[in-house]
Amino acid sequence: MSIRSARVFFWLLFAFALFAGACTEAAEEPSPAAPTAGAEVGPEDDVTPPDPEATSAVFDPNDDVLNVAISEPASLDPLRIQDPGSVLVARQLYEGLTRWDPIEEKVRPAAAKGWRVSNGGRTFSFKLRQGMSFHDGTPVTSEDFRFAFDRIALKENASDLAYTLDRVAGFTEVNQLGETRHLEGLATPNDLTFQITLEEPYYDLPALLTHPALVPLSRRAVTKVDDFLSAPIGNGPFRIAEPWSPGQPVILKAFPGFIQTPDLDGIRFLPHPDAAASWLRFRDGELDVAEVPAGQIEDAEQSYGTAGFRPFLASYYYGFNLKAKALGDIRLRKAINRAIDRDEIAGSIYKGTMTPARGIVPAGMPGFQENICAVMCRYTPSVSRKLVKSLSKKERKITLEFTKGDPHDDVARLIRRDLEDVGLDVKVRSFGFPSYLRRLRDEQQGVYRLGWIAEFPVPDVFLSPLFASESPDNHSGFSSEKVDALLAEAHAEPSDGRRVQLYIQAEKEILKQVPVAPIGSFVTHWATQPRVRDLNFDVMGGFDAVNVFLEAEDSEG
C-alpha cells in the first residue's frame, strides 16, 4: 500500500467514525466537523471547558477577541496536523503558497504573489511576496518552503501527510527508500523563487498547495523542538500569544507583520469535548463561534441563520469488489443502488448532517453535477426487484462489510433491510479497523463500506484514488482505459473550465459501470453571534479569520 493509501484511507475510516460519534460517548449526535479526540466524556463527568476570561491577561479590555469553540487539537506542528481542531488553528498560524477563496470558489495567491507553469504542467515556479516574515521577525524565503516540504517527505519523520508530495520528483527516493534527504523536484533559484517539478503533469497543484500542512518553516525554530511544539513560529496573520499545552486554550494575537493586518486583536480557541458541550455557552454569549449539535440545527437556523451551514467535501459509499464472482454482474450492482433509501439514512441516522448522494463527487465541490447519479441513486425498489428476479438464487447472495461501531452498524442495518425487501439474501459482517484494512489489501471484501474526504477542493481527489486502474486505493478493482485517459488528460489540461469538464466526463463513465453505491455527503453547521462579521466558512470545514471583525455593540441599546 502506498503512502497515499496508508494515510488517506486510515484518516477517512477514522474520521467518519468520529463524525457520527462512533469513537466517543460524549454526545449522541455531534456535527460532522466536530469530531472529538476520542475521550469518553459525558455531561455528568467532572470536565469543565476553559473559560474565555481565564486568558484575559493576554489582552486589553477593549481588544476585539474572537472566542471559538473547537475540538481538542492534537498538534500545531504542520508535520502532524490532521484533526479538525489542529487544522483550524494552523490555518491562522501559517500561510502557504496558495489559499482557497470560499466566495469566488477558486485558488488564490497567498505567500506566493503568483506562479508560472511550464514543462507541460510539470514545473511550477512560485514568486514569493517580498517582505513576508515569520512571527520572530526573520524573513520568509524559498528555502523555508523547501526545508518544510523535505521535512514532511522524509522517511524518518513518518508523516501521515507525506502523500501530499508524492507527485514531486524524487519522492520515492526520499520517502520510500530513504536514499536522500532532499526532494529532487524542489529548487530555490533565489530567496523569492520556489520551483516545484513533478514526475507527471498536474495542473491542480496550486489547489493541492492550499493544504494547511504545506507551509514554510524556520529551520532554526524547528530545531528547538520543545519550544516549537508549544509555541510554533509561523508566518500567518496570527501568532501564538502564550505557550500551548494539550487540554488548554490556544491563544493567538494578531501579527502586525503579516501581509494584511487582521482586524481582530486576537483569537481564543477553546477546546470542548463535542458540539453539545459548547452550545449552551454559545447561547449564553460566552462564545462567538461554535458548531451546532445535530438536535439544534432547526433552532440555530431560526436564531442565527444558515451562513455557517456549508457542504463538507466528504462522502460515504458502499463499494463493490468487481473481482468477486457475483458482483461481476452489473444487474446486481444496479439492483443494490436502486434499492437503498438514502433519504432515510440521511434523515434517521445522520439527522441533517448528511445529504443523500447525487454522485461520486460530493456537493460543494467545484464541478459537482446535481443530477449525475439522479437515476441510479434514486430509491426505486420496483426497478430493483425486477433486476433481482433476473438473477439466479445463487447470485442473490451478498455480504455487507463495514467497520464496527455506530453509525456504521445502523447504516448497514437499514441497507440490509432495503436489500432484503427487494429479494436479496443479505449477511452483514463488521470488523475492527486493522482486520478490515487487511481484507481490503488482500481483496477479500465483497460489498464494503468506504469513506473519503477531500483535503483540497478538486474533483480528482475522489476520482483518481478510488477509480484509476493503478491506484492502490482502488479497492473495487475498477479498470477502464477510457477513464484513465480522461483523468490523465485532465491532469495535463491548463484550462480550469476544461479540466472540470473532463472530470465530469470521467465521473459519468465510472458510474456507467456501477463500481460503487454512493450513500451521501456531509454538511457542517456553524453558528456565529450577530457581532461577528465577514467570517466565511468554506467547504473544507473551517475558515480563515484574517478578514473577520467584531461589530461594536450599540451603546444606545
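The structure this text deals with has already been given above.
Residues numbered from 1 in each chain as written. Predicted model: local features only at pLDDT ≥ 70, side-chain atom pairs only at ≥ 80, totals over all residues. Heavy atoms only, no water.

Engineer: Mind laying out the sheet that holds strand E6 (residues 186–190), listing which residues take part and the relevant values?
Structural biologist: One open sheet holds the four strands; their spatial order is E4-E5-E7-E6, and the pairing between them is antiparallel. Two strands lie at the open edges of the sheet, namely strand E4 (112–118) and E6, each paired on one side alone. In this sheet, adjacent strand axes meet at a mean angle of 20° when their direction is disregarded. Where E4 lies against strand E5 (residues 123–128), six bridges are found, and the strand directions are antiparallel. Bridge pairing links Arg 116 to Ser 125 in E5. Packed onto the sheet, helix H3 (residues 142–153) meets E5, E6 and strand E7 (193–197) and runs at close to 170° relative to E6. (Pairing = 2+ DSSP bridges. Helix = DSSP H or I, 4+ residues; strand = E, 2+ residues; numbered from the N terminus. Axes fitted to C-alpha atoms, helices over the stretch in contact; angles between N-to-C directions. Contact = heavy atoms within 4.5 Å.)

Engineer: Describe the nonpolar core, with residues and values.
Structural biologist: Leu 66, Phe 149, Ile 196, Tyr 318, Ile 336, Ile 345 and Leu 419 are the most contacted members of the largest nonpolar core, which has 146 residues in total. No other element matches strand E12 (residues 309–320), which puts seven residues into this core. Residues in contact with Phe 149, not counting those within four places in the same chain, are Leu 165, Leu 183, Leu 186, Phe 194, Ile 196, Leu 209, Leu 214 and Val 215. One finds Ala 69, Leu 287, Ala 290 and Val 292 within the second-largest nonpolar core, a separate group that totals 11 residues. (Core = buried A, V, L, I, M, F, W, Y, C linked by side-chain atoms within 4.5 Å. Buried < 20%, exposed > 50% of the residue type's maximum accessible area, 1.4 Å probe, protein only.)

Engineer: If you had to explain the packing of aromatic side chains to someone new, which residues and values would you point to?
Structural biologist: For the coordinates displayed, the defined rule picks out 15 aromatic pairs. Plain terms: the ring middles of Trp 279 and Phe 282 are 5.1 Å apart, the flat faces sit at 20° to each other, and that makes the pair stacked. A residue pair is termed a helical-turn pair when its members lie 3 or 4 positions apart in one helix, as Trp 279 and Phe 282 do in helix H8 (residues 275–283) at three residues. For Phe 282, a relative accessible area of 0% translates into the label buried. With 5.4 Å between their ring centres and 80° between their planes, Tyr 350 and Phe 522 make a pair best called edge-to-face. In this pair, Tyr 350 sits in the loop between helix H11 (342–349) and strand E13 (354–356) while Phe 522 sits in strand E17 (residues 516–528), placing the two residues 172 residues apart along the sequence. The ring of Tyr 316 carries Arg 449 above its face, with NZ or CZ at 5.3 Å from the centroid. (Phe/Tyr/Trp six-rings, centres within 6.5 Å; stacked < 30°, edge-to-face > 60°. Lys NZ or Arg CZ within 6 Å of the ring centre and 35° of its normal.)

Keep in mind these numbers describe shape, not what the thing actually does.
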